[in-house]
Amino acid sequence: MIIAVDGPTASGKGTIAKRLAQHLGIAYLDTGLLYRAVGRQVAISEGDPDNPADALAACGFPDELLQDDNLRTEATGGLASRVSVHPEVRQALFERQRAFAEQPGGAVLDGRDIGTVIAPDADVKLFITASVQARARRRWLEMVEKGIGTEDEIPLIEIEKDVVQRDARDINRKDAPLKAAPDAMIIDTTEFDREAAFEMVVEAVHEALNKA
Ligand code: DC
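This section reports on the structure supplied with the text.

Rules used in this analysis
- Residues numbered from 1 in each chain as written.
- Predicted model: local features only at pLDDT ≥ 70, side-chain atom pairs only at ≥ 80, totals over all residues.
- Heavy atoms only, no water.
- Near = heavy atom within 4 Å.
- Polar contact = N/O pair within 3.5 Å; in protein donor to acceptor, adjacent residues only side chain to side chain.
- Areas by Shrake-Rupley, 256 points an atom, 1.4 Å probe, with all protein chains shown as cover.
- Helix = DSSP H or I, 4+ residues; strand = E, 2+ residues; numbered from the N terminus.
- Buried < 20%, exposed > 50% of the residue type's maximum accessible area, 1.4 Å probe, protein only.
- Salt bridge = Lys/Arg side-chain N within 4 Å of Asp/Glu carboxyl O.

A short note on the site of the ligand
Of all residues adjacent to the ligand, which total 15 residues, the nearest are Arg-36, Arg-90, Arg-112, Asp-113 and Arg-173. Interatomic distance of 3.4 Å between a side-chain N/O atom of Lys-13 and an oxygen atom of the ligand. At 2.9 Å from an oxygen atom of the ligand is found a side-chain nitrogen or oxygen belonging to Arg-112. In isolation the ligand offers 450 Å² of accessible surface; the protein chains occlude 96% of this area. The element best represented in the shell around the ligand is helix H2 (residues 31-44), accounting for 4 residues.

Focus on unusual backbone geometry
Unlike most non-glycine residues, Glu-46 shows phi in positive territory, near 55°. Looking at the secondary structure, you find Glu-46 in the loop between H2 and helix H3 (52-57). For Glu-46, a relative accessible area of 73% gives the class exposed. A positive phi angle, near 50°, is found at Ala-176, a position not held by glycine.

With respect to the pattern of salt bridges
All told, the structure shown has 15 salt bridges when counted by the stated rule. Among the ionic pairs, Asp-50 bridges to Arg-82, the shortest N-O distance being 2.8 Å. With Asp-50 in the loop between H2 and H3 and Arg-82 in helix H4 (residues 74-83), this pair connects stretches of sequence that are 32 residues apart. Given the relative accessible area of 42%, Asp-50 is considered partly exposed. Given the relative accessible area of 29%, Arg-82 is considered partly exposed. Between Asp-183 and Lys-125 there is a salt bridge, and its shortest N-O distance comes to 3.1 Å. One end of the pair, Asp-183, is in the loop between helix H8 (156-172) and strand S5 (185-188); the other, Lys-125, is in strand S4 (residues 124-129), and 58 residues separate them in sequence. What you see here is one network of salt bridges that share partners, running through Arg-98, Glu-102 and Asp-121.

Re the environment of Glu-158
Within the secondary structure, Glu-158 is located in helix H8. Glu-158 gets classed as partly exposed once you look at its relative accessible area, which sits at 41%. Spatially, the C-alpha atom of Glu-158 lies 9.6 Å from that of Trp-140, the residues being 18 residues apart in sequence.

Next up, the structure:
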């Protein structure tokens, strides 16, 4: 069984996908982490994330890098978004994601192109989204909670700008842009908290699996 969970930045898709995998007792892969590792490796090698050759070279990052706390930062997220526009990078990461998806027992993968490119054959496809304002606010709260800065030190408007910029890059890239697969269930969590959003997803997944 393959479950594809796609959606824009800060939509909560990662939390939902991880919990869903635990709930179903199957494996989970955060594919954004692979692109983040490539972005971080480019920075470590002092390469240019907008240069396809530098970005491709960074796809050979060591596996230990996936454990690096720096992968979760906003700065690395921005680098990941930049390296992810190169078709060479997407191709280099394809097999790894596909092999994970095909493992016996099944898997949940979250990302931008799981339902469209990595696993168009997924049994269930979810597209988790929320308004720009809701996503920016959630990211801002998360940063304040993590102690990255106080409410006054982190301007919400800057986070909102970053979300808009990240969306534009992910949606407008030529290769595997962020978009819902035609057969994906669209789940808008703007008006829902984490718990309610997860309940909605579980219900939708059970319904889809029962139909199959
Ligand atoms: O989900 P995330 O914020 O960790 O992803 C970081 C960047 O990686 C995102 O802006 C675009 C890229 N990405 C991608 O292009 N395809 C995926 N399947 C996952 C992430």
